[in-house]
Amino acid sequence: MASIALSTPVWAQQKADEHAGHHAASSPTATADEMTDAEVRKVDIDAAKITLKHGDIKSLEMPAMTMVFNVRDKAMLGQVKAGDKVKFKAVNEAGKFTVTDLKVVR
């Protein structure tokens, strides 16, 4: 019985050590400044939404896909049209994926 009690802290420390590296690589602050490549598929200025075919979004741990995003500032949408190649940043705000920065790649 004593050996079980004494081994539990060691096991718990081993588990903590195994997972310690996962958080650093996937931390939003580690990749918050990275912009993701994408192609604009649709712009909806009235609804403040943009459809992007994007690469992996590392800061959100999201694989490449095509999806609709909200935009924080509608003015960003006046700068782009379907077919444009862009770089963007997005965040998860209360379950809504929102573009916070958008730049056309020339």
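Keep in mind the model is a prediction, meaning the values are calculated, not measured.

Scoring rules and cut-offs
- Residues numbered from 1 in each chain as written.
- Predicted model: local features only at pLDDT ≥ 70, side-chain atom pairs only at ≥ 80, totals over all residues.
- Heavy atoms only, no water.
- Helix = DSSP H or I, 4+ residues; strand = E, 2+ residues; numbered from the N terminus.
- Buried < 20%, exposed > 50% of the residue type's maximum accessible area, 1.4 Å probe, protein only.
- Contact = heavy atoms within 4.5 Å.
- Areas by Shrake-Rupley, 256 points an atom, 1.4 Å probe, with all protein chains shown as cover.
- Salt bridge = Lys/Arg side-chain N within 4 Å of Asp/Glu carboxyl O.

Asker: Help me out: how do you make sense of the overall build of the protein in this one?
Answerer: Regarding its fold elements, the protein presents two helices and five strands. Counting from the amino terminus, the protein carries its helices and strands in the arrangement α-α-β-β-β-β-β. Here the protein, with 106 residues, has 25% of them falling under the buried criterion. Pairs at least 24 apart in sequence give 47% of the contacts found in the protein among residues at least 6 apart. When the accessible surface of the protein is split by element, carbon and sulfur atoms take 56% of a total near 7,100 Å².

Asker: I keep staring at the pattern of salt bridges and nothing clicks. Help me out?
Answerer: Oppositely charged side chains can form a pair if their charged atoms are brought close together. Taken as a whole and assessed by the stated rule, the structure comprises seven salt bridges. Taking the shortest distance from any N to any O, the salt bridge between glutamate 34 and lysine 58 comes out at 4.0 Å. On the criterion of sequence distance, the pair formed by glutamate 34 in the loop between helix 2 (28–31) and strand 1 (36–44) and lysine 58 in the loop between strand 2 (49–54) and strand 3 (65–71) is long-range, its members being 24 residues apart. You can call lysine 58 exposed: its relative accessible area is 52%. As a salt-bridge pair, aspartate 84 and lysine 81 come within 3.0 Å of each other at their nearest N and O atoms. A relative accessible area of 53% means that lysine 81 is categorised as exposed. A single network of salt bridges, built from pairs that share partners, joins Glu39, Arg41 and Lys85.

Asker: Is there a simple way to explain the environment of histidine 54 in this structure?
Answerer: With respect to the helices, strands and loops of the structure, histidine 54 is situated in strand 2. Exposure remark for histidine 54: the relative accessible area of 4% places this residue in the buried category. Between the C-alpha atom of histidine 54 and that of threonine 36, which follows or precedes it by 18 residues, the distance is 7.0 Å. Residues in contact with histidine 54, not counting those within four places in the same chain, are Thr36, Asp37, Ala38, Met62, Pro63, Ala64, Met65, Met67, Phe69 and Phe88.

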